[in-house]
Amino acid sequence: MAFRRWFFGLVGVGGVAVLACLALAWQPAIPPIVPPSPDSFAPELVSKGRTLAVAAGCIDCHTVKNGMPGTGGVSFARMFGTIYSSNITPDAETGIGRWSLVAFARALREGVSRDGKHLFPAAFPFDHFTRLTDEDIAALYAYLMSLPPARKRTRPNSVPFPLDIRALQAAWKGIYLVPGAYRQDVTRDAQWNRGAYLADAVARCSSCHTPRNVLGAEEPGHPYGGTLVDGWWATALDIEPSPASWSAAQLVEYLRTGESVPHGVALEPMRGVVRALRVLPDSDLATIAAYLTSFLSYAPDRQAAAARAVAPREPQNDEERYGLQRYLAVCGGCHEKPGATPEAARSPIGLSADIWMDEPDNIVRIVLDGVTRNDLPPGPAMPGFREQLDDADIAVIVEYLRKSHTTLPAWGEIEARVALVRARSARTR
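Read on for an overview of the structure. (Residues numbered from 1 in each chain as written. Predicted model: local features only at pLDDT ≥ 70, side-chain atom pairs only at ≥ 80, totals over all residues. Heavy atoms only, no water.)

Right, let's talk about helix α11 (residues 270-277) for a bit. Among the eight residues that make up α11, six are buried, leaving the element largely enclosed by the rest of the structure. Considered for burial, the residues of α11 that qualify are Met270, Arg271, Gly272, Val274, Ala276 and Leu277. Where α11 is buried, its residues contact α2 (43-55), α3 (58-61), α10 (248-257) and α12 (282-293). (Buried < 20%, exposed > 50% of the residue type's maximum accessible area, 1.4 Å probe, protein only. Helix = DSSP H or I, 4+ residues; strand = E, 2+ residues; numbered from the N terminus. Contact = heavy atoms within 4.5 Å.)

In structure tokens form, the structure reads like this:
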């Protein structure tokens, strides 16, 4: 009898706790509206909204290749499953045509859909969009409501139970979300604050360049510390791994064109960011550069490291001599003879951040699949050697670059890492 009382008491307490959590997670639906006419929005507001939507990646994230803009369906593979972006055209049935500005603002600020469902922060970065100003949210709304409406239902997510329970997102928000528009830092000037707003609220730079915890939230103690994104290591923006200094002007050039001498060419997925940010004027890119370079630091032995990067030491043993031989045979035509071909590299290979990183994945991916320009301005490109070189050859070349051009220890077990990166990247090509 005592056991039964204890058991049913425990069940009762658990039930009350579940009901309390559901009550806290509940959000009311916002009444639908008649889809507004595109003519009801001022042209300049729509134009501003388009610039923000492109710069923030809204269109890229909600448009599949060769699809109608904003119709969704882009997949986001996460550790716990795959999430698909939704239709954000003003279609009344499958899009956001019946969303009022109030409902739209709540989604951006709080991560809650018009019908009261919690949105997944792993695919929809409302933890950044919450910092947008009311004026910019209104401009985004005007632009999206001016898109051609397209009837396309959102593909169901493949998130397993119980992680697919939307109410659980409320707990995540309670811990990690700090809602509200960006607040000016009064200790900084107007340029820095504008750059902070564009980098954090619009371009969401930290969402790719900051490590995340097991629950998918950015680690607050290590902002811009670099992390793995779609198989590529996003470079740390707090401590630059390469000894090459970044000036604000060089960073503006990089954000505008996808390349900066001597830092090199933007890699995936950074090329998509460059394509998005090119809608911003140079003055806005200058503010982002001022913000990001304000906290960038370098290793204390940067001068010695820079000297090694541009003047590599001679091979020390037969293994390194063989590495030099293979490097010259495969890569020397472009990297050791700048200007020899239209695609020749313009930046010293020793200053590439990819050979100064703790992990070799980026440089291995570059050798495997090359560097393309896609729709960026013309500039250096590189063919991939996935079919021409085996794992041992690639390992020899990248290890030679590490040992000869940097002051850092060898990566170790590099051939096994090449095999892993080759297999992993083949699935995402």
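For Ser260, the location among the structural elements is in strand β6 (residues 259-260). Residues within four places of Ser260 in sequence aside, it is in contact with Trp246, Gln250, Glu253, Tyr254 and Ser347.

It is worth spelling out the packing of helix α17 (residues 391-405) against helix α18 (residues 414-426) at this point. Where α17 contacts α18, the two axes come as close as 8 Å, and the packing angle between them is 115°. Here α17 runs over α18; the crossing is right-handed. Mapping the contact onto sequence places Asp391, Ala392, Ile394, Ala395, Val398 and Glu399 in α17 and Ile414, Glu415, Val418, Ala419 and Arg422 in α18. Tallied by class, the residues present in the contact of α17 with α18 amount to seven nonpolar, no polar and four charged. (Axes fitted to C-alpha atoms, helices over the stretch in contact; angles between N-to-C directions. Left-handed = near helix turned anticlockwise from the far one by under 90°. Nonpolar A, V, L, I, M, F, W, Y, C, P; charged D, E, K, R; others polar.)

Let's shift gears to the pairing of strand β1 (residues 75-78). Pairing between β1 and strand β2 (residues 81-84): four bridges, direction antiparallel. Paired with Ser75 across the strands is Tyr84, a residue of β2. In textbook terms, the turn of a hairpin is the stretch between consecutive antiparallel strands, and for β1 and β2 this stretch comprises two residues. (Pairing = 2+ DSSP bridges.)

With that settled, consider α10. Three or more residues of α10 are buried, namely Gln250, Leu251, Val252, Tyr254 and Leu255. Among the structural elements, β6, β7 (264-265), α11 and α12 are those in contact with the buried residues of α10. Looking one or two residues past α10, Gly258 carries a phi angle of roughly 85°, positive in sign.

A word on the pattern of salt bridges. According to the stated counting rule, one finds 16 salt bridges in the structure shown. The salt bridge involving Arg417 is made with Glu359; its shortest N-O contact spans 2.9 Å. Taken as a pair, Arg417 in helix α18 and Glu359 in the loop between α15 (332-335) and α16 (361-369) lie far apart in primary sequence, 58 residues in all. The exposure class of Arg417 is partly exposed, given its relative accessible area of 23%. For Arg424, the salt bridge goes to Asp361, with nearest N and O atoms at 2.6 Å. Placement of Arg424 in helix α18 and of Asp361 in helix α16 is noted, with a sequence separation of 63 residues between them. A relative accessible area of 26% means that Arg424 is categorised as partly exposed. When salt bridges with common partners are traced through the structure, they connect Glu359, Asp361, Arg417 and Arg424 into a single cluster. (Salt bridge = Lys/Arg side-chain N within 4 Å of Asp/Glu carboxyl O.)

Moving on, we get to the side chain of His209. Of note, His209 is situated in helix α9 (residues 205-209). Apart from residues no more than four positions distant in its own chain, His209 is found in contact with Tyr224, Gly225, Gly226, Thr227, Ala234, Thr235 and Leu237.

Secondary-structure assignment places Cys61 in helix α3. It is 34 Å that separates the C-alpha atoms of Cys61 and Gln388, two residues lying 327 residues apart in sequence. Cys61 has contacts with Val74, Phe76 and Ser85, leaving out every residue within four places of it along the chain.

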